[in-house]
Amino acid sequence: YTITLRAGCYNEAMRSQTIKIRNIPDVPPVQKTVSVKPSGLIALFLTLGMAFLFLRTYMALAGLFLIMMATFALVIMPDRKLAEFTLDYLILYNCKARDECRLLYWDEIVTWQYEYHTSYDRMEISMVDGSTEAIEMFSRRSVAPWMEKFAAGKERRNPRTRKAGA
């Protein structure tokens with residue numbers, strides 16, 4: 001039993017698909033997770049706040065303020081995964097249904113582009129079937145090195161933005 005598809009028909013043999021989060025395969029393991037909260041930066045503020053508390057007495061108020069802000073960000077503010085990187089595919093958690101995610105296999109990605117906007121940033125990924133996936137991001141530094149590692153040479157640069165290192 002075979003189905004003959006018209007030439008140019010989308011999703012002819014795409015492995016990339018939308019799946020339930022509970023069905024994400026365990027193999028290959030996740031290499032990097034990108035979340036909304038900048039955990040490293042929050043931990044740095046918490047450490048600086050503690051150092052300010054014990055360093056000088058006139059810096060104790062600033063240290064207390066940093067500790068309060070970092071604790072607020074860690075405990076009160078919500079966090080969620082935006083993307084996960086594996087050796088075989090990229091997992092995007094921006095589906096309308098919160099219990100679903102999108103698996104994008106690296107060999108099916110044609111181009112990707114990081115776009116800067118005033119209220120949020122966005123990464124656009126073009127697939128081999130002509131479809132485009134878009135996900136809101138908050139930091140190019142957390143995403144670009146991993147995209148360059150797994151989708152090397154596929155970045156489409158916006159001519160209006162500066163090149164890296166310029």
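Before any of the text, the structure's been laid out above.
Calculation rules
Residues numbered from 1 in each chain as written. Predicted model: local features only at pLDDT ≥ 70, side-chain atom pairs only at ≥ 80, totals over all residues. Heavy atoms only, no water. Axes fitted to C-alpha atoms, helices over the stretch in contact; angles between N-to-C directions. Helix = DSSP H or I, 4+ residues; strand = E, 2+ residues; numbered from the N terminus. Parallel < 35°, antiparallel > 145°, perpendicular 65-115°, else oblique. Left-handed = near helix turned anticlockwise from the far one by under 90°. Contact = heavy atoms within 4.5 Å. Nonpolar A, V, L, I, M, F, W, Y, C, P; charged D, E, K, R; others polar. Buried < 20%, exposed > 50% of the residue type's maximum accessible area, 1.4 Å probe, protein only. Polar contact = N/O pair within 3.5 Å; in protein donor to acceptor, adjacent residues only side chain to side chain. Expected span 1.5 Å × (residues − 1). Arc of directions from axis to C-beta.

With that out of the way, let us pick up the packing of helix H1 (residues 39-55) against helix H2 (residues 60-75). Look at H1 against H2: their axes get within 7 Å of each other, and the N-to-C directions meet at 155°. Accordingly, the angle class assigned to the pair H1 and H2 is roughly antiparallel. In the crossing of H1 with H2, the sense of the turn from one axis to the other is left-handed. Where H1 approaches H2, its residues Ile42, Phe45, Leu46, Leu48, Gly49, Met50, Phe52 and Leu53 are matched on the opposing element by Ala60, Ala62, Gly63, Leu64, Leu66, Ile67, Ala70, Thr71, Ala73 and Leu74. Of the residues in the contact of H1 with H2, the class split is 15 nonpolar, three polar and no charged.

Relative to the helices and strands, Glu108 resides in the loop between strand E5 (100-105) and strand E6 (109-116). In this structure Glu108 comes out as buried when scored by relative accessible area, which is 7%. Among the polar contacts listed, one links the side chain of Glu108 to the side chain of Ser16, at a separation of 2.5 Å. Apart from the residues lying within four places of it in its own chain, the contact partners of Glu108 are Ala13, Met14, Arg15, Ser16, Ser126, Met127 and Val128.

Turning our attention to H2. Its 16 residues give H2 an end-to-end C-alpha distance of 22 Å, which sits within 8% of 22 Å, the value for a rise of 1.5 Å per residue. Among all positions in H2, only Gly63, Leu66, Ile67, Ala70 and Ala73 are buried. Along the axis of H2, the buried residues cluster in a sector spanning 130°; they form a single face. Of the exposed residues in H2, the ones pointing more than 90 degrees away from its buried face are Leu61, Met68 and Val75. Its buried side turned inward, H2 meets H1.

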